[in-house]
Amino acid sequence: MERRYRARRRLGSCCSGTARGGRAILGSGGVPTTATTGTRGRRARRVALIGLDCGTPELLFERYADDMPTLGRLRRQALWGSLESTAPPLSIPAWLSMLTGRTPGELGVYGFRNRTDHGYGGLAFATSRWVRVPRVWDLLGQAGRDSVLIGVPGTYPPSPLRGSMVTCFMTPSTDAQFTFPADLREEVQRVTGGYTIDVAGFRSEDKARVAQQIFDMTEQRFALARHLATTRPWDFLAVADMGPDRLHHGFWGACDPGHPRYRPGNAYEHVVRDYYRALDRHLAGLLEVLPDDTTVAIASDHGARPMLGGFCLNEWLVREGLLVLAEPPAGPTPIGKAAIDWSRTTAWGDGGFYGRLFLNVEGREPLGTVPRRDYESVREHIASRIERLPDPVGRPLGNRVLRPGELYPEVRGAAPDLIVYFGDLRWRAVGSLGLGHGLYTSENDTGPDDANHSEQGVLVLAGEGLSHGRQEGLSIYDVAPTLQALLGLPAAAGQRGRVLG
Amino acid sequence: MSVVLVVLDCVRPDHVGCYGYQRGTTPNLDAFAATATRFDNAITAGVWTLPSMASMMTGLYPSQHCLNRADRALGRDLVTLPQRLAEAGWRTAGFTANPHGGRTFQLDRGFQEFHEFWGVPGADHGGLLGRGYRWVRPRLRDAVKRSQALTATAIRLQRRRAEASGGSGSRLADAAAAWIRRARGDQRPFFALVHLMESHVPYAPAREHLQRFLDEAGRRRVAKLDHDGMGYLAGANPLGGDDLALIGSLYDATISYGDELLGRVLDAAGDDPDTLVAITADHGQQLGEHRMMGHFFSVYDTLARVPLLLRHPELPAGVVQRPVQSVDLHPTVLETAGLDPGPGWSCAVSLRARSDHRPVLVTEYLEPDLTRFARFRDFDPAPFDRELRALRHDGWKYIWSSDGREELYDVTGDPGETRDLAGAADGGERLRDFRLLHEEWQVEMQRHAAGDAADVALEADVAATLRALGYFD
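So, here's what we can say about the structure. (Residues numbered from 1 in each chain as written. Chains lettered and ligands numbered in written order. Predicted model: local features only at pLDDT ≥ 70, side-chain atom pairs only at ≥ 80, totals over all residues. Heavy atoms only, no water.)

Looking now at the packing of helix H7 (residues 169-184) of chain B against helix H11 (residues 241-269) of chain B. Packed helix pairs are specified by the crossing angle of their axes together with the interaxial distance, meaning the distance between the axes. Residues and elements named next belong to chain B. Contact pair H7 / H11: the axes reach a minimum separation of 8 Å and the direction vectors enclose 10°. Comparing the axis directions of H7 and H11 gives the class roughly parallel. When you trace H7 past H11, the crossing you get is right-handed. In this structure, H7 contributes Gly169, Ser170, Ala173, Asp174, Ala177, Ile180, Arg181 and Arg184 to the contact, and H11 contributes Tyr257, Leu261, Arg264, Val265, Asp267, Ala268 and Ala269. (Axes fitted to C-alpha atoms, helices over the stretch in contact; angles between N-to-C directions. Helix = DSSP H or I, 4+ residues; strand = E, 2+ residues; numbered from the N terminus. Parallel < 35°, antiparallel > 145°, perpendicular 65-115°, else oblique. Left-handed = near helix turned anticlockwise from the far one by under 90°. Contact = heavy atoms within 4.5 Å.)

Right, dumping it as structure tokens:
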């Protein structure tokens, strides 16, 4: 840290000779590290946000509540409840929304991967560069106060901040720059004995390896949080752990008698319970080192539910004559690699936890076939067909079809035309073609996976001046304005949500 | 006081006569250089048109204005150079052949007149023929794009068509020249931006220029080559040394053609000492160096170095070795116009500054668009999936890469950047200094990030033009 500030002076002295001068920038110190009063007359405090990716209310508040005494104690002094996620409830849009107070539509981020334009070039990963509105730590930094971030989804590639950052699970490897400042890397590697960004290949049948890595990763994440919380100045500490998410995807079927993959007496029957017991100990270890005046928030981006199977969206579109292939796929083929006859295609889809359907619109897509005047009627026709789809035994699948224009106040970027929750998210959307087993599959095209996402995550908020007890109607959009109010920062223009108290 | 700013798309200084190139590519530019200040070490902020032109117009770096993807337009709050001049009572006009420097991305902001010239036959044609062409072309393209041989043929046809039509450069140069002549007769000061793109792919110089740089055998051979740059990067189009040399000669012919058009603009600008004339490029072009082609996925000097010449009433003619950046044109013009560079901040420094002291020169390539590799089914574009930032200081150049592959070059002793010294023992301390400098630079940029770029809606003719220029693969 000391070195950084020394270097800043050096750059400053260079700039001060320029036409515009660097004075105004470099003389912006003098802001007190802790503001005296926040909005609503509260005293501005430190806030620690502990993010549990995929933290699920049914597990944390009910099934494993007795296995998590630390969380239970915290909850008794806290405002807590289910936290409604974004639509769609996926880590990347959800965390971005949680920490900006904007909807996926306003952010132009509808999933991990997004269309970058209306061509057929496929999807690109949404990175931190896609975020063009300030996040909580940007606002705090502008007020001259420090943040420490560890693994918060949507922070790769690292961007400068006032404080320190270790980037998220989207980081390709620890060879990439995964910290800010860059020289924090050595310290992170030393403290953790080699930092684990994510559980590599968590959709695997090698359950022993996956389980071990999940336990190790969580332990490491909390150890690093303890280290940085005690060696860096901060007003905002945010650590997010992917452990619960990887655990639910890998092991839900091993632990839940209601899951189609459940086998009584299997080797991993208690792995989820054991994980939450371990997590609770890590939580205790972190809470213990936080200063007494810290407000603690435990939050998740979305929850999980058992996945019953996959619905082959593109296979269905082919059968309906809406998607026309130039040649049949030779074997399992991701939609991006399939030979599509665009000039005869009406719609195509992309898979994942939810289904995204794109219409091939004249004048918008390069080979658009749907005239603009027919857009609504074609879209509604497809939507009603999807809503009526049956499950493999002929009962209604219970699909929900959402329209971005109705979900978000603004729709930026190349959004899907329809967002589909198959079986209300009990089924996954399978995008690949040529899987060869009809419209329904129990296998996932990207590897074994037991869980899908649900729209309810968790929030536990404990600190001086906050009410206690369960609250209904908590929304992920409330988190950013609430954190800001606790930190003594006003809501930013364009932010949704309300300040919880 | 008036200002004429000419941007020569894709023109590398090492292919320009007054920078030492011996093939006679630029007689008009060379004659101009004799009366102007030539900056020998001029660096662009962005390596393709959109970020680079946005930087020139705003004085901000790509990290700040965020126009790093073709779906973003200039943020509402950003004030452009012509906007400032227009507010001060200047007449302003822009002439461009490159959509990435145009209205779609709101880079026409502040121009009272803005004229776009699309060089793609069919793109700006109305009527049945144009409609038919627009209908056939994308269908054809989609059918051929999976096959490298058909892609090469399609590009070949495109080149031939562009050659036959003469492109739009001639019309653009004449329109700009006529406007400048009229404006000179007026009492009001004026600002004209003339963006010529003869040296952008598809290379289609007028025949007499082609004949000067390639003999008949060479012309026949170059016509048969596969000109697909993305294919070259993806290993689907293996061009050999001779092929690259032929493409280099073709590129020279395009510079020569652009120079002819430049001559018309310079004639119109006249030699009035009260008119500031600036000539530069938005970026260079890779012609097989470092096994790279086109102007993406790298920040080597083949892209980062640009010609920059300034005929300025207060600057002596001659050569300036001091490193400068094309974003520096922004404060230079404002200062010459008697306007305050204003609120906001950038690292841009007036070109009139005498001091050699400049903390760092920066070239950025952010948000790589890997979807351009989508048509290569078996190719893994992961090595191209990295952001790059080059910092230049004290004769050395450091390249930061988001995937951790750092590079370090002694660009004075090794201008071709052939010996990476990042791993060398003597690179150690310099590397550490550069890392610190990089961090500090990022912090300063972040603090002045201009933020919220707007979304883009592509008109069909713009989309067709961009496709013909090799985008949206």
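And the narrative resumes.
Residues and elements named next belong to chain B. Within the secondary structure layout, Ala97 lies in the loop between strand E4 (91-96) and strand E5 (113-116). Taking the C-alpha atoms as reference, Ala97 lies 5.6 Å from Trp118; in sequence the two are 21 residues apart. The contact partners of Ala97, leaving out residues within four places of it in the chain, are Phe117, Trp118, Ser168, Leu172, His195 and Met197.

Residues and elements named next belong to chain B. Turning to helix H9 (residues 216-224), its buried residues are Gly218, Arg219 and Val222. Looking straight down H9, one finds that the buried residues subtend no more than 100° of arc, so they occupy a single side. Turned more than 90 degrees away from the buried face of H9 sit Glu216 and Lys224, all of them exposed. Close packing links the buried residues of H9 with helix H6 (148-165), helix H8 (207-213) and H11. (Buried < 20%, exposed > 50% of the residue type's maximum accessible area, 1.4 Å probe, protein only. Arc of directions from axis to C-beta.)

What follows is about the sheet that holds strand E11 (residues 309-312) of chain A. Residue and element names in this part refer to chain A. Ordered in space as E16-E11-E17, the three strands form an open sheet in which the pairing is mixed. Single-partner strands in this sheet number two, and they are strand E16 (427-430) and strand E17 (440-441). Relative to E16, E11 runs parallel, the two sharing four bridges. By the bridge assignment, Phe311 is partnered in E16 with Ala429. (Pairing = 2+ DSSP bridges.)

Further remarks concern the sheet that holds strand E15 (residues 396-401) of chain B. All names here are of chain B. Ordered in space as E13-E14-E15-E16, the four strands form an open sheet in which the pairing is antiparallel. Each edge of the sheet is formed by a strand with only one pairing partner; in this case those strands are strand E13 (361-365) and strand E16 (407-410). In this sheet, neighbouring strand axes are inclined to one another by 15° on average, regardless of whether the strands run parallel or antiparallel. The sheet contact formed by E13 and strand E14 (residues 388-393) spans five bridges and is antiparallel. Counterpart to Val362 in the pairing with E14 is Leu391.

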